[in-house]
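# Coordinates in review
In case you want the letters, here they are:
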Amino acid sequence: PILTKSLATAGETAVGNNSTNNGLSKVITDMMGNWDAFTFSPIRESQVSRAMTRRYFADLDAYAESDIVIIGAGSCGLSAAYTLGKLRPDLKIAIVEAGVAPGGGAWLGGQLFSAMVMRKPADAFLRELGVPFEDEGHFVVVKHAALFTSTVLSKVLQLPNVKLFNATAVEDLITRKSDDGEGSEVRVAGVVTNWTLVSMHHDDQSCMDPNTINAPVIISTTGHDGPFGAFSVKRLVSMKQLEQLGGMRGLDMQSAEDAIVKNTREIVPGLIVGGMELSEVDGANRMGPTFGAMALSGVKAAEEALRVFDL
Ligand code: AHZ
């Protein structure tokens, strides 16, 4: 554990809302109907710039050596971050998400149909988060997938030992010669990152060098292959650490979810793969719009990370 308290978290104040009997805080209710007298506290533009950049660069500095990096902030990556961040407040956990908006494919329950289905026993994770659901027997339904995603996201972001770097793509893996004696040529020892917008312009701009994060354990949850996704496992193939990918198979909800959770594991030393990225390694079926396996694969990835870490 190498947690150093970053500038971003130093001196934070807890905010209570002092709610009145109408449910809103007294400060807000006093403001309402009194807008003529209203004014914001003074500020200078440079203060805003410094407030943001000082914290961001302090975080870049602090998290350049992380304990765990999670690649991808979809339902699996966020579930892993929540579990690890809660279990081990002493570990420094960086999440790197290529998109501006974290959440991956979990903002809608499937197609455009709002509700999110989770098969039991994944309701345990919803209870853990405090996300309400309707019980339909063998499965439960959250009224909107965004309720799950925003809740897990807000809990993760409140953890002092987790930093989300969004709009940042993992462009490569850092590797070292392996010393595990089990036939693996390399161990993964970190990630190479770049602003996503920069990553998208390597073809039409001259070299724009990336940044790095060292960490003894990486959890990759970049989703199934597509325009992006399955990033780490495709890279393992191109660096000849995996012979080939199995390729995600057709949809079979019944078997797919068990397989993803049970097979969430360290693929090469230092790299754990979870969620739908794993289906590309194993040639496993997809499960479509049911999300219990993503949450519990995240929990299993967290457990594997602590085991690999030997802590
Ligand atoms: O932006 C991606 C998404 O938020 C992010 N990501 C991908 N490549 C990345 C890279 N660097 C940083 N190189 C990267 N971030 O990874 C996230 C993946 O989220 P996801 O929701 O696609 O994956 P998941 O495995 O958490 O959940 C998948 C849920 C399912 S199942 C399914 C089906 O069976 O068809 N489809 C989906 C979306």
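Below is a summary of the structure that appears in this document.

Analysis parameters
- Position numbers for residues count from 1 along each chain, tracking the sequence in the order it is written.
- The predicted origin of the model limits local features to residues at a pLDDT of at least 70 and limits the giving and counting of side-chain atom pairs to 80 or more, whereas totals for whole chains, interfaces and linings rest on all residues.
- Side-chain figures throughout are based on the complete set of non-hydrogen atoms in the structure, without hydrogens or water.
- Runs of E in the DSSP output that reach at least two residues are strands. Runs of H or I that reach at least four are helices, and both are numbered from the N terminus.
- Stacked, tilted and edge-to-face are the three classes assigned to paired rings of Phe, Tyr and Trp, where Trp is represented by its six-membered ring and a pair needs centres within 6.5 Å; plane angles under 30 degrees give stacked, over 60 edge-to-face, the rest tilted.
- Only strands that DSSP links by at least two bridges are regarded as paired with each other.
- Between N-to-C directions, angles span 0 to 180 degrees; the directions come from axes that are lines fitted to C-alpha atoms, helices contributing only their stretch in contact.
- The patch calculation keeps residues exceeding 30% relative accessible area without a salt bridge and links them within 9 Å when they carry like charges or within 5 Å when they are nonpolar (Val, Leu, Ile, Met, Phe, Trp, Tyr).
- With residues, only the protein chains shown are counted as cover, and all accessible areas are computed by Shrake-Rupley using a 1.4 Å probe.
- The term salt bridge refers to a side-chain nitrogen of Lys or Arg lying within 4 Å of a carboxyl oxygen of Asp or Glu.
- Relative accessibility under 20% of the residue-type maximum defines a buried residue, over 50% an exposed one, and the middle range a partly exposed one, all with a 1.4 Å probe and only protein chains included.
- Note on terminology: angles under 35 degrees are roughly parallel, angles over 145 are roughly antiparallel, angles of 65 to 115 are roughly perpendicular, and the others are oblique.
- Take the far helix as the reference: if the near one is turned anticlockwise from it by less than a right angle, the crossing is left-handed, and if turned clockwise, right-handed.
- It only takes one pair of heavy atoms within 4.5 Å for two residues to be counted as in contact.
- In this classification, the charged set is Asp, Glu, Lys and Arg, the nonpolar set is Ala, Val, Leu, Ile, Met, Phe, Trp, Tyr, Cys and Pro, and all remaining amino acids, among them Gly, are polar.
- A molecule or strand has a residue near it when one of that residue's heavy atoms lies within 4 Å.
- We define a polar contact as two N or O atoms separated by no more than 3.5 Å, with the added condition that, inside protein, one atom must be a possible hydrogen donor and the other a possible acceptor, whereas residues neighbouring each other in sequence contribute only through side-chain atom pairs.
- Take the residue count of a helix, subtract one, and multiply by 1.5 Å to get its expected span.

### Here we look at the environment of Ala-259
Structurally, Ala-259 is set in helix 8 (residues 253-263). Taking the C-alpha atoms as reference points, Ala-259 and Thr-196, separated by 63 residues in sequence, lie 32 Å from one another.

### Comments concerning the packing of aromatic side chains
Per the stated rule, a full pass over the model turns up seven aromatic pairs. Residues Tyr-56 and Phe-165 carry aromatic rings whose centres are separated by 5.8 Å and whose planes lie at 90° to one another, so their mutual orientation is edge-to-face. Residue Tyr-56 is found in helix 2 (residues 45-63), and its partner Phe-165 is found in strand 6 (residues 162-166); the two are separated by 109 residues along the sequence. Note on Tyr-82 and Phe-125: the rings are 5.8 Å apart at their centroids and 90° apart in plane angle, and the pair reads as edge-to-face.

### Some details on the sheet that holds strand 9 (residues 211-214)
If you walk across this open sheet you meet the three strands as 7-8-9, and the pairing is antiparallel. This sheet does not close on itself; its edge strands, each paired only once, are strand 7 (168-177) and strand 9. Strand-to-strand twist of the sheet, defined as the mean angle between neighbouring strand axes without regard to direction, takes the value 30°. Here strand 8 (residues 186-195) runs beside strand 9; their pairing, made up of four bridges, is antiparallel. Within the sheet, the bridge partner assigned to Thr-193 lies in strand 9 and is Asn-211.

### As for a nonpolar patch on the surface
Residues Leu-24, Ile-28, Met-32, Trp-35, Phe-38 and Phe-40 make up a contiguous nonpolar surface patch of about 640 Å² in total accessible area. As for its position among the elements, Phe-38 is in the loop between helix 1 (26-31) and helix 2. On the basis of relative accessibility, which here comes to 34%, the residue Phe-38 falls in the partly exposed class.

### Focus: the packing of helix 3 (residues 75-87) against helix 10 (residues 292-309)
Each pair of packed helices gets described by two things: the angle between the helix axes and the distance between those axes. Closest axis-to-axis distance for the helix 3/helix 10 pair is 7 Å, and the angle between their directions is 45°. As judged from the angle between their axes, helix 3 and helix 10 are oblique. Helix 10 is crossed by helix 3, and the crossing has right-handed handedness. Across from Ser-75, Cys-76, Ser-79, Ala-80, Thr-83, Leu-84 and Leu-87 in helix 3, the residues of helix 10 making contact are Met-294, Ala-295, Ser-297, Gly-298, Val-299, Ala-301, Ala-302, Ala-305 and Leu-306. Grouping the constituent residues of the contact of helix 3 with helix 10 by class yields eleven nonpolar, five polar and no charged.

### Concerning the site of the ligand
Not every one of the 26 residues close to the ligand is listed here, only the nearest: Glu-97, Gly-105, Met-276, Arg-286 and Gly-288. Here Cys-76 contributes a backbone N or O atom positioned 3.0 Å from an oxygen atom of the ligand. Between an oxygen atom of the ligand and a main-chain N or O atom of Gly-105, the distance comes to 2.8 Å. Surface burial for the ligand is 89%, taken as the share of its 790 Å² of free accessible area covered by protein chains.

### Points about the sheet that holds strand 5 (residues 139-142)
Strands sit in the order 3-5-4 across an open sheet of three strands; the sheet is antiparallel. The sheet is open, and its two edges are formed by strand 3 (116-119) and strand 4 (134-135), each paired on a single side. The pairing of strand 3 with strand 5 spans four bridges and is classified as antiparallel. Bridge pairing links Met-118 to Val-140 in strand 5.

### Topic: helix 5 (residues 145-158)
Between its first and last C-alpha, helix 5 extends 20 Å over 14 residues, near the 20 Å set by a 1.5 Å rise per residue. Of all the residues in helix 5, the buried ones are Ala-145, Phe-148, Thr-149, Thr-151, Val-152, Leu-153 and Val-156. Contacts made by the buried residues of helix 5 are with helix 3, strand 2 (93-97), strand 3, helix 4 (123-129), strand 5 and strand 6.

### Quick word on unusual backbone geometry
In this chain, Lys-120 is followed by Pro-121 through a cis amide linkage whose omega measures 15°. Among the secondary structure elements, Pro-121 is positioned in the loop between strand 3 and helix 4. We note that Ser-114 has phi near 45°; this positive angle belongs to a residue other than glycine. Even without being glycine, Lys-240 reaches a positive phi, approximately 60°. With respect to the element layout, Lys-240 can be found in the loop between helix 7 (231-238) and strand 11 (249-251).

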